[in-house]
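# Residue-level structure breakdown
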Amino acid sequence: MSLPTFPDNTNTPNRDEVINQIISSIAMEELALSHILNAEGEKLQYVLGTLTGSDGLNPSIDDIVRVNESVKDLIETVTFSQMFLRAKFKDALNMEK
């Protein structure tokens, strides 16, 4: 995955350009979160042995519970991030008025 790039602005951006940059940054954060969630799904698949091309680990029930707790904690964190991004997006849209 490559890092996002931002345009080099030598002049001061106008209001519409700033709003567009804020909305673009939200979209990039959403994309990053989708990659994180996908990686968590692949982690579960790997542990359970259902990931294509892997044999899995033959985990114990305790191993599965630990991995599940880890995934649950990350999903909770992503959920909070989503609420923050939603508020940021609503604020950006209200700036246009």
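This text follows the structure it describes.
Here is a short report on the structure shown in this document. Note that the coordinates shown come from a computational prediction; the quantities given were computed from them, not determined experimentally. (Residues numbered from 1 in each chain as written. Predicted model: local features only at pLDDT ≥ 70, side-chain atom pairs only at ≥ 80, totals over all residues. Heavy atoms only, no water.)

### As for the side chain of Glu 40
Turning to its location among the elements, Glu 40 is positioned in helix 1 (residues 15-48). Excluding residues that lie within four positions of it along the chain, Glu 40 makes contacts with Ser 70, Val 71 and Leu 74. (Helix = DSSP H or I, 4+ residues; strand = E, 2+ residues; numbered from the N terminus. Contact = heavy atoms within 4.5 Å.)

### Some remarks on helix 2 (residues 61-95)
Helical geometry: 3.6 residues make up each α-helical turn, so side chains three or four residues apart lie on a common side. Here helix 2 spans 51 Å end to end across 35 residues, near enough to the 51 Å set by a 1.5 Å rise per residue. Taken together, the buried positions of helix 2 are occupied by Val 67, Val 71, Val 78, Leu 85 and Ala 92. Buried residues along helix 2 sit against helix 1. (Expected span 1.5 Å × (residues − 1). Buried < 20%, exposed > 50% of the residue type's maximum accessible area, 1.4 Å probe, protein only.)

### Some remarks on the packing of helix 1 against helix 2
Two elements in contact, helix 1 and helix 2, have axes separated by 10 Å at closest approach and are oriented at 170 degrees. Here helix 2 runs roughly antiparallel to helix 1, going by the angle between their axes. Our pair here, helix 1 against helix 2, has a crossing hand that is left-handed. In terms of residue class, the contact of helix 1 with helix 2 is made up of 21 nonpolar, four polar and six charged. (Axes fitted to C-alpha atoms, helices over the stretch in contact; angles between N-to-C directions. Parallel < 35°, antiparallel > 145°, perpendicular 65-115°, else oblique. Left-handed = near helix turned anticlockwise from the far one by under 90°. Nonpolar A, V, L, I, M, F, W, Y, C, P; charged D, E, K, R; others polar.)

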